[in-house]
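Descriptive structure summary
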Amino acid sequence: MAEVAAPLVHKDYHASKMGMWLFLFTEILLFGGLFLLYASYRAKFPQAFHEGGKTLDVFIGGLNTVVLITSSLTVALSITALRRGALVFCQCLLAFTVACAGTFMVNKFIEWSAKFHHGLIPGSEHMAQLPQGQSVFYGLYFAMTGLHGIHVIIGASVILWVMLLIKQGKVTGEDYVVLENAGLYWHIVDLVWIYLFPLFYLIS
Amino acid sequence: MTDTRETTQATGQDHGHDHGQDHGPLSYRFLTLIWAGLMVLTAITVAVSKVDLGFMNVAVALGVASIKASLVIFFFMHLKYENWIIKGMVLTAFVILAIAIGLTFVDVGYRY
Amino acid sequence: MDHTHDPQATAFYKPDETGGKSGLASWIFSTDHKRIGLLYLSLILLMFCAATVLGLIIKLKLMTPGSTLLSPQQYNAMFTLHGVIMIFLVVIPSVPASFGNIFLPLHIGANDVSFPRLNNFSWWLYVIGALLALTSIFTGDGAPDTGWTFYVPFSERTTTNVSVAVIAVFILGFSSILTGLNFITTIHRLRAPGMTWKKLPLFAWSLYATGWIQVLATPILGITALLIFAERVLKLGLFNPAQGGDPLLYQHLFWIYSHPAVYIMILPAMGVISEIIPVFSRKPIFGYNMIAFSSLAIAFAGSLVWAHHMFTSGMSDTAVLVFSFLTFVVAIPSAIKVFNWLSTLYKGSISLDPPLLFALGFILMFSIGGLTGLVLGSAGTDIHVHDTYFVVAHFHYVIFGGTGLGMFAAMHYWAPKVFGRMYDHAKAAWSFWLIILGMNVLYFPMFIMGLQGMPRRYYDYLPQYAPLQMVSTWGSWFLAAGLILMFWNLYQGCRYGPPATKNPWGGATLEWTLPSPLQHEAFHHDPVAPEPYDYKGVNPDG
């Protein structure tokens, strides 16, 4: 059993990545609790979820899907760019990713504003008086897209921070695990949306 | 013996070179192809949702979403190129989530 | 052996001569796993004392029937705080965050965990969570009165300070996640050369299984706490029956975390017991593979059984059947451990030193608690005793008699290693007997009262319960006396006791090859991985 492990003082890339993956599991299960609620309530109120889904704008939802998937691509590309030494290109790709995050949030803002405009405000009289199940649908919609939106903001902030580190030369083509981990986080944000989009906008 | 692979990867003294095993970065072209696949799948899922297939709508939507998710996980997130330990860990996480939702349905499935 | 200098002078808790931070900053911003472990230990013990005082007050209130000592609202707040503090601030971090932090890296031959700064951050999250929990008591419209389970719909409606308390729970959960994540990565990545999985001490195995539960179950608690907060502040109505919500789904979410959480509490203590029993039997552990495997099996099976807390809640009968069956499955790996410990003791050369006393106490109390758990896991009997004192007695046997005694056993086993001084063995034995006596006098009558129908959490009770309630309160005094004697003895020993040798018990794991007390840097070069339970040629010093 000739096993050799990491020397005592050593920056361990595999440990960093393993730690990041473990952290991502906690994100998946955090949203998992909400998916559990969604699945249960959908089983309970298929008709109300059907009606609720119809009121959501497939165009904005679809647009946001395209925006997020594209931003996922640019993060993935940025790692390749960094490893190939194309620093400026890498920074451009990351800046584009952050811009996508901004676009996503603006779309979200427009969408939520429209819902608020129709009186669909959490805790309002109007919400409470909706038919049984519909208010649950909108409650879940706000909870899940809201929590996802918070993650978009966190993810974009992390990417901005990594851009700074690249600029300072602390993250380089040889030492890029921080960018990889930030990318992993961003992909998880994308991954959650890949499920949220059909569950809320398409299944109606 | 089972974990030789995991630990031998850590033997590299120069951390820059023991990283990512034997492959270089994924090419721009390959990543863009994955992206194109994701776009096509998005278009498909939106298109199918316009057709009324009854229960199959849910199945198709979730099926397509899962294919998309797999593309993101395996290629954008490099899981395909990680060692079996990380792969096993990812599987464990999803299995536990499936158990949580599945066993809840032992209750709600018979109650609602 | 180094005779040239006194190891006390260069102990890890003394200022580091080689530079770095000094004073308070060298503690609270320390990235040294040993210091972080001690930080955790001191706060956990402080919280333990606070919550124990609350428990004593509850027992004092219950000594006689009628409205004495506390108002009903104060009583509700007392048992809520007792539960929240004990569960989230004491029992969940207890063994892993303190002794796990100190000894996991040493057990695997590493000088620290994989992410030392994250380790420090997780301690800070613990501090912030504790402070927020305190804030929830003294601000707003009174301390939370929901019980530690925060069940809806009451937790959504009560005007007490539940919102702050659930945020505290969220942050404490985050702290627990980071500890688990750190331990999993450490075990995978930092094992010394030759330290194969089969040479891993069983304590490390138990922390590995625990780490997985922490990472995979705690996020569900996180979202549950956030949902309570959102329900209270934003009034989403997700659990409001008037709007179609289902309060039972809250219970599902809560227990999807909180049942696996009991294995976060018990597994590390089982790991401690697995370390202690062979050392004091001078025999290799019986069934190493099965004990290691049963830790993982408990972690997995523990995630399948949560709804046995909900048999009387009105969930579907199918679910009652399925979860009752699955609950019996989880008893198997726990029993495997108990039988393996007993087989290790069998024909061993037993020396009844204080750590073994506490370990034997663990086996006794855990067995009673575990077997009464089967009464609760069986749906038919559970309907009779659900939400009675029987449940309270059951989980105090498991959590206090199990995890609590496991923690005390760890303190007596490792204190000489950490502080380099030995406590008084006779006093330790006396404190053990007082604690065991106190626990049984305190909690056993609760089994009887529960079978007779005494509901838990009630402010007052019928006269027929008065005699046993009185006995139970006496038990709490014996227990308190035992705890005071134990803590005082340990404090005296660690402070003024005679110097401890390198290996006072004759342990074969790596920490016993290091000087007592532990030094700033444990290993100067990669150690050779030993057979952790082979005592040939390993003897207690002196």
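Residues numbered from 1 in each chain as written. Chains lettered and ligands numbered in written order. Predicted model: local features only at pLDDT ≥ 70, side-chain atom pairs only at ≥ 80, totals over all residues. Heavy atoms only, no water.

**Let's talk about the overall build of chain C**
A tally of regular secondary structure across chain C gives 16 helices and zero strands. Relative to its length of 542 residues, chain C is compact, with a C-alpha radius of gyration of 23 Å against a globular reference of 24 Å. Considering only C-alpha atoms, chain C reaches an extent of 75 × 50 × 45 Å along its principal axes. The 542 residues of chain C split such that 64% are buried. Taking contacts inside chain C between residues at least 6 apart in sequence as the whole, the part at least 24 apart equals 82%. If you average the places of the 26 positive and of the 24 negative side-chain charges in chain C, the two averages end up 3 Å apart. (Helix = DSSP H or I, 4+ residues; strand = E, 2+ residues; numbered from the N terminus. Rg over C-alpha atoms; globule rule 2.2 N^0.38 Å. Buried < 20%, exposed > 50% of the residue type's maximum accessible area, 1.4 Å probe, protein only. Contact = heavy atoms within 4.5 Å. Lys, Arg positive; Asp, Glu negative; His and termini not counted. Charge placed at Lys NZ, Arg CZ, Asp CG, Glu CD.)

**Section: the overall build of chain A**
The number of helices and strands found in chain A is seven helices and zero strands. Along chain A, helices and strands appear, N-terminal first, in the series α-α-α-α-α-α-α. The principal-axis extent of the C-alpha atoms belonging to chain A is close to 65 × 45 × 25 Å. Counting the 204 residues in chain A, one finds 65% classified as buried. Partitioning the contacts of chain A with sequence separation of at least 6, the portion at a separation of at least 24 is 82%. Just so you have it, chain A exposes about 7,000 Å², and 69% of that area is on carbon and sulfur atoms. Charge centroids of chain A, computed over 11 positive and 11 negative side chains, lie 4 Å from each other. (Areas by Shrake-Rupley, 256 points an atom, 1.4 Å probe, with all protein chains shown as cover.)

**Some points on the side chain of Thr42 of chain B**
Within the secondary structure, Thr42 of chain B is located in helix H2 (residues 28–50). There is a polar contact of 2.8 Å between the side chain of Thr42 of chain B and the backbone oxygen of Leu38 of chain B. Engagement of the side chain of Thr42 of chain B in a polar contact is seen with the side chain of Lys68 of chain B, the distance being 3.1 Å. Once residues within four sequence positions are removed from consideration, Thr42 of chain B is found in contact with Thr65, Ile69 and Phe197 of chain A together with Lys68 of chain B. (Polar contact = N/O pair within 3.5 Å; in protein donor to acceptor, adjacent residues only side chain to side chain.)

**Observations regarding the packing of helix H3 (residues 58–83) of chain A against H2 of chain B**
Packing of H3 of chain A against H2 of chain B brings their axes to within 10 Å, and their N-to-C directions diverge by 165°. Judged by the inter-axis angle, H3 of chain A sits roughly antiparallel to H2 of chain B. In this structure, H3 of chain A crosses over H2 of chain B, and the sense of that crossing is right-handed. The segment H3 of chain A lies against H2 of chain B, with Val58, Thr65, Val66, Ile69, Thr70, Leu73, Ala76, Leu77, Thr80 and Ala81 of chain A engaging Tyr28, Leu31, Thr32, Trp35, Leu38, Met39, Thr42, Val46 and Lys50 of chain B. By residue class, the composition of the contact of H3 of chain A with H2 of chain B is 13 nonpolar, five polar and one charged. (Axes fitted to C-alpha atoms, helices over the stretch in contact; angles between N-to-C directions. Parallel < 35°, antiparallel > 145°, perpendicular 65-115°, else oblique. Left-handed = near helix turned anticlockwise from the far one by under 90°. Nonpolar A, V, L, I, M, F, W, Y, C, P; charged D, E, K, R; others polar.)

**Quick look at the packing of aromatic side chains**
Evaluation of the coordinates by the stated rule reveals 61 aromatic pairs over all chains. Taking the centre distance of 6.0 Å and the plane angle of 70° together, the rings of Phe48 of chain C and Phe400 of chain C count as edge-to-face. With a gap of 352 residues between them, Phe48 of chain C in helix H2 (residues 33–61) and Phe400 of chain C in helix H14 (residues 389–419) connect regions that are remote in the sequence. Residue Phe400 of chain C is classed as buried on the basis of its relative accessible area of 12%. Aromatic pair Phe444 of chain C and Phe447 of chain C: ring centres 5.6 Å apart, planes at 70°, arrangement edge-to-face. Separated by three residues within a single helix, Phe444 of chain C and Phe447 of chain C lie in helix H15 (residues 425–451), roughly one turn from each other. Judged by relative accessible area, Phe447 of chain C falls into the buried class, the value being 4%. Taken together, the ring pairs in this structure connect Tyr38, Phe49, Trp112, Phe116, Phe137, Tyr138, Tyr141, Phe142 and Phe200 of chain A into an aromatic cluster. Seen from the ring of Tyr459 of chain C, Lys61 of chain C lies directly overhead, with NZ or CZ sitting 4.5 Å from the centre. (Phe/Tyr/Trp six-rings, centres within 6.5 Å; stacked < 30°, edge-to-face > 60°. Lys NZ or Arg CZ within 6 Å of the ring centre and 35° of its normal.)

**Re helix H7 (residues 177–202) of chain A**
Residues and elements named next belong to chain A. Look at H7: 37 Å from first C-alpha to last across 26 residues, which is about the 38 Å you get at 1.5 Å a residue. Along H7, the sharpest kink reaches roughly 25°, centred on Leu196 and followed within four residues by the proline Pro198. Of all 26 residues in H7, 24 are buried, a share of seventy percent or more. (Expected span 1.5 Å × (residues − 1). Bend = angle between axes of the 7 residues up to and from the residue.)

**What to know about the confidence of the model for chain A**
Residues and elements named next belong to chain A. Residue-level pLDDT values for chain A average 91, and 94% of them are 70 or greater. The secondary-structure element of chain A with the lowest mean pLDDT is helix H5 (residues 125–129), recorded at 82, while H3 shows the highest, at 96. Taken as a whole, residues 1–9 scores under 50 in pLDDT and shows 27 contacts with residues more than four places along the chain or in a different chain. (pLDDT = per-residue confidence, 0-100.)

**Concerning unusual backbone geometry**
Note: most peptide bonds trans; most residues except glycine with negative phi. Residues and elements named next belong to chain C. Cis peptide bonds are those with omega within 30 degrees of zero, and the linkage from Val152 to Pro153 qualifies with -5°. Looking at where Pro153 falls in the secondary structure, it is placed in the loop between helix H5 (116–138) and helix H6 (154–157). Cis geometry is adopted by the peptide bond preceding Pro517, which originates at Ser516 and carries an omega value of -10°. Mapped onto the elements of the fold, Pro517 is located in the segment after helix H16 (466–496). With a phi close to 55°, Arg282 is a non-glycine residue in the positive phi region. When you line up the elements, Arg282 lands in the loop between helix H9 (247–281) and helix H10 (288–301). Overall, the relative accessible area of 23% leaves Arg282 in the partly exposed class. The phi angle at Lys347 is positive, at roughly 60°, despite the residue not being glycine. For Lys347, the position within the fold is in the loop between helix H11 (317–345) and helix H12 (354–377).

**Considerations on helix H4 (residues 84–111) of chain B**
In a regular helix each residue adds 1.5 Å, so 28 residues correspond to 40 Å; H4 of chain B covers 40 Å between its end C-alpha atoms and thus fits that length. The sharpest bend along H4 of chain B measures roughly 35° and falls at Phe105 of chain B.

**Things to note about the state of the cysteines**
Counted by the stated rule, this structure contains zero disulfides over all chains. Just so you know, Cys90 of chain A is unpaired, no disulfide at all, and the nearest cysteine sulfur is the one on Cys92 of chain A, 9.1 Å from it. Residue class for Cys90 of chain A comes out buried when judged on its relative accessible area of 0%. A disulfide-free cysteine, Cys49 of chain C has its sulfur positioned 15 Å from the sulfur of Cys494 of chain C, the nearest such atom. On the basis of relative accessibility, which here comes to 38%, the residue Cys49 of chain C falls in the partly exposed class. (Disulfide = S-S within 2.5 Å.)

**Regarding the pattern of salt bridges**
What the rule picks out here adds up to nine salt bridges over all chains. Linking Lys17 of chain A and Glu180 of chain A is a salt bridge whose minimum nitrogen-to-oxygen distance equals 3.4 Å. Highlighted residues: Lys17 of chain A in helix H1 (residues 13–44) and Glu180 of chain A in helix H7, separated in sequence by 163 residues. Like Glu180 of chain A, Lys17 of chain A is buried. Of the charged contacts, one joins Lys108 of chain A and Glu111 of chain A as a salt bridge, the two residues approaching to 3.2 Å between their closest N and O atoms. Taken together, the residues span about one helical turn, with Lys108 of chain A and Glu111 of chain A both in helix H4 (residues 87–117) at a distance of three residues. Through salt bridges with shared partners, one network takes in Lys17 and Glu180 of chain A together with Glu82 of chain B. (Salt bridge = Lys/Arg side-chain N within 4 Å of Asp/Glu carboxyl O.)

**Focus: the interface of chain C and chain B**
Taken together, the contacts link 25 residues of chain C with 19 residues of chain B. The contact between chain C and chain B buries some 1,800 Å² in all, and 68% of this surface belongs to carbon and sulfur atoms. Considering only the side of chain C, the residues that lose the most area to chain B are His188, Arg189 and Leu216 of chain C, jointly responsible for 24% of the buried surface there. Taken together, the links from chain C to chain B amount to one salt bridge. (Buried area = accessible area lost by both parts, 1.4 Å probe.)

**Some thoughts on the environment of Pro65 of chain C**
Of note, Pro65 of chain C is situated in the loop between H2 and helix H3 (72–91). Residue contacts for Pro65 of chain C: discarding those within four places in its chain leaves Asp460, Tyr461 and Ala466 of chain C.

**What about the side chain of Thr74 of chain A?**
Residue and element names in this part refer to chain A. For Thr74, the location among the structural elements is in helix H3. In terms of polar contacts, Thr74 uses its side chain to reach the side chain of Thr97, at 2.7 Å. When neighbours within four sequence positions are excluded, Thr74 is seen to be in contact with Leu93, Phe96 and Thr97.

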